[in-house]
Amino acid sequence: DIQMTQSPSTLSASVGDRVTITCRASQSISTSLAWYQQKPGKAPKFLINQASNIESGVPSRFSGSGSGTEFTVTISSLQPDDFATYYCQQYNNYPFTFGGGTKVEIK
Amino acid sequence: EVQLLESGGGLVQPGGSLTLSCAASGFTFGTYVMTWVRQAPGKGLEWVSSITGTGGTTYYADSVKGRFTLSRDNSKNTLYLQMNGLRVEDTALYYCAKDGTTGFYFDYWGQGTLVTVSS
C-alpha cells in the first residue's frame, strides 16, 4: 500500500499568513493526488485534484503543486474560514490512502 | 445540486451486522464510481470500498475485505454497504462519496452515518 505522510500535523498561523502543507507518498503517484478541507462536525470538502487543479468555487488563494512523491498545498493569505484540517489522498493505486491530516489553527 | 444522504447507522454488538444506504440525487448516478470513506472518532479518513458505475467491480480495504459487501441499485439511485462481523474498530462515521469525473478522488460527500460497535 502507498503511505501518505503529511507535515506538519499541526500548524499555528495568523490571518494573512502564507501557509504551506506538505504531503509525501511512499512511492511515485504521478499527479494522482487530491486535497480536502474538513471543519469540525462537517464532511470533508474537495479542494484540488490532479495535484494542482483547483475545484470550481474554491478561492484562488489556494494552490497545489507537485508530482511523483512530493506535493504541497499553499494558502497565499490565510482567512478566518480556512482554519480547518486538511487531508491529501492518493488515487493512483488501490487501496486509496489518505494522509494523516494537518490541522491549521489560530496562532 | 448533488446530494448524498446516508442512513442505516446505529449501535451494534461485536459480531453483528448493519446495512448502510446512500440515496443520491442531482447527477447521473449510474455513470459514476461511488465510494465509502470512514472516520473513527477523533481520527483521520480511511477509504473503505468503491464500486464502478455498473456495479460490476468492487474494491475493498484489507481491513474490511470478506466482511463488507458494497452494492448499488442504479434504478433507485442508491448505494449499499452490507457490514457483517462488525468489530469494535469499525466504529466510525461512514461517509458516502461520489467519485470525480477524471479520477478516483471524491468531489461530493454526504454528511455521514455513525456506526458504533460496542457490547
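Report on the accompanying structure. For clarity, every value in this text was computed on a predicted model and none was experimentally measured. (Residues numbered from 1 in each chain as written. Chains lettered and ligands numbered in written order. Predicted model: local features only at pLDDT ≥ 70, side-chain atom pairs only at ≥ 80, totals over all residues. Heavy atoms only, no water.)

1. Observations concerning the interface of chain B and chain A
The condition is simple: Working rule for contacts: check all heavy atoms of both residues, and any pair within 4.5 Å makes them a contact. Buried area is understood as the total, over both parts, of accessible area removed when two parts are fitted together, assessed with a 1.4 Å probe. Salt bridges are defined by distance alone: a side-chain nitrogen of Lys or Arg within 4 Å of a carboxyl oxygen of Asp or Glu. Whenever a nitrogen or oxygen atom comes within 3.5 Å of another N or O atom, the pair is scored as a polar contact, on the condition that within protein one atom can donate a hydrogen and the other can accept it, and that pairs from neighbouring residues in sequence are kept only if both atoms are in side chains. In DSSP terms, a helix is any run of H or I states spanning at least four residues, a strand is any run of E spanning at least two, and both are numbered starting from the N terminus. Residue classes follow a fixed rule: Ala, Val, Leu, Ile, Met, Phe, Trp, Tyr, Cys and Pro count as nonpolar, while Asp, Glu, Lys and Arg count as charged, and any other residue, Gly among them, counts as polar.
With 19 residues of chain B at the interface, the matching set in chain A holds 15 residues. Roughly 1600 Å² of surface becomes buried between chain B and chain A when both sides are summed, with 65% attributable to carbon and sulfur atoms. On inspection of chain B and its partner chain A, the count reaches zero salt bridges. Between the two partners, chain B and chain A, sit seven residue pairs in polar contact (both at pLDDT 80 or more). Breaking the side of chain B that touches chain A down by element, the ones donating at least two residues are β4 (34-39), β5 (45-51) and β10 (106-109) of chain B. Of the residues in the side of chain B that touches chain A, the class split is nine nonpolar, seven polar and three charged.

2. Details of the environment of S25 of chain B
Residues and elements named next belong to chain B. Formally: When a residue's accessible area, from a 1.4 Å probe over protein chains only, is under 20% of the maximum for its type it is buried; when over 50% it is exposed; and in between it is partly exposed.
One can find S25 in strand β3 (residues 18-25). Among the residues examined, S25 registers a relative accessible area of 31% and is labelled partly exposed. The spatial distance from the C-alpha of S25 to the C-alpha of W47 is 22 Å, given a sequence separation of 22 residues. Every residue in contact with S25, bar those within four places of it in the chain, is listed here: E1, V2 and Q3.

3. What to know about the state of the cysteines
Formally: Cysteine sulfur atoms that come within 2.5 Å of each other are treated as a disulfide pair.
Here the structure, examined in full by the defined rule, presents two disulfides over all chains. In this model C23 of chain A forms its disulfide with C88 of chain A; the gap between the sulfur atoms is 2.1 Å. Between C23 of chain A and C88 of chain A the disulfide shows an S-S torsion of about 70°. By sign, it is right-handed. With C23 of chain A in strand β3 (residues 19-25) and C88 of chain A in strand β9 (residues 85-90), this pair connects stretches of sequence that are 65 residues apart. The disulfide partner of C22 of chain B is C96 of chain B, and the gap between their sulfur atoms is 2.1 Å. Its torsion about the S-S bond being -70°, the disulfide of C22 of chain B and C96 of chain B is classed as left-handed. With C22 of chain B in strand β3 and C96 of chain B in strand β9 (residues 92-99), this residue pair connects regions lying 74 residues apart in the sequence.

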